[in-house]
Amino acid sequence: MGLYSFGLFLGAIYSVPPLRLKRFAVAAFLIIATVRGFLLNFGVYYATRASLGLAYTWSPPILFITSFVTIFATVIAITKDLADVEGDRKFQISTFATKLGVRNIAFLGSGLLLMNYLGAIVAACILPEVFRKGFMVVSHSLLSAALIYQTWLLDASKYSKEAIAVYYRFIWNLFYAEGSCNSLSVRPRLA
């Protein structure tokens, strides 16, 4: 109940006046990354174990997925305003895209995701007893290649509004694909 209440509180201060912290780039990305990354992964794991009366323990898969999705949520949070940069500038709304530029934020987002994918590959190589190494290496390499290609297309389009929308939708598609990849990447534990 405490984690749910904390998530509800963060959602309220993100969108509800008078605070509406989504107006501020750093506060917005911190709230999104915390709720979508940390609370939804670690929080659900912790709450499930507690409701089953099990002692809390960190496990490599939970540590991996929590950190991976938190970084992914950070990318979603910093790239969410790319398509709205013209309107945000017009109405003087401060976002990372208005401050640092669309190109810089797109490259930062893609770079963070590539580091995330590299981290997944390294985790699979270091902990083959926990992760299905072959699947994890191949799937994250393919997702990395697709991301590099999509970033190249965005850059080649000179950051047109349509290309930015396609790029952001692609980031979300990667996020959804990652859910399947991660569920198939972890070796089942024998009781």
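Looking at the Subcellular location (unreviewed entry) heading of the UniProt record, one finds this comment for the protein: "Membrane". Taken directly from UniProt, the Sequence similarities (unreviewed entry) text for the protein runs: "Belongs to the UbiA prenyltransferase family."

A.B. asks: An account of the overall build of the protein is requested, with residue identities and associated values reported.
C.D. replies: Looking only at helices and strands, one finds 8 helices and 0 strands in the protein. Written out in order from the N terminus, the α and β elements of the protein read α-α-α-α-α-α-α-α. Reported as C-alpha extents along the three principal axes, the dimensions of the protein are approximately 60 × 40 × 20 Å. Looking at the 191 residues of the protein, the share that counts as buried comes to 41%. In the protein, the proportion of contacts linking residues at least 24 apart, taken out of those at least 6 apart, comes to 69%.

A.B. asks: Which residues make up the packing of helix H7 (residues 133-156) against helix H8 (residues 161-185), and what are the values?
C.D. replies: At their nearest, the axes of H7 and H8 sit 10 Å apart, and the two run at 180° to each other. Between H7 and H8, the angle falls in the class roughly antiparallel.

Procedures and definitions
- Residues numbered from 1 in each chain as written.
- Predicted model: local features only at pLDDT ≥ 70, side-chain atom pairs only at ≥ 80, totals over all residues.
- Heavy atoms only, no water.
- UniProt positions renumbered as here; feature names shortened; annotations may be inferred.
- Helix = DSSP H or I, 4+ residues; strand = E, 2+ residues; numbered from the N terminus.
- Buried < 20%, exposed > 50% of the residue type's maximum accessible area, 1.4 Å probe, protein only.
- Contact = heavy atoms within 4.5 Å.
- Axes fitted to C-alpha atoms, helices over the stretch in contact; angles between N-to-C directions.
- Parallel < 35°, antiparallel > 145°, perpendicular 65-115°, else oblique.

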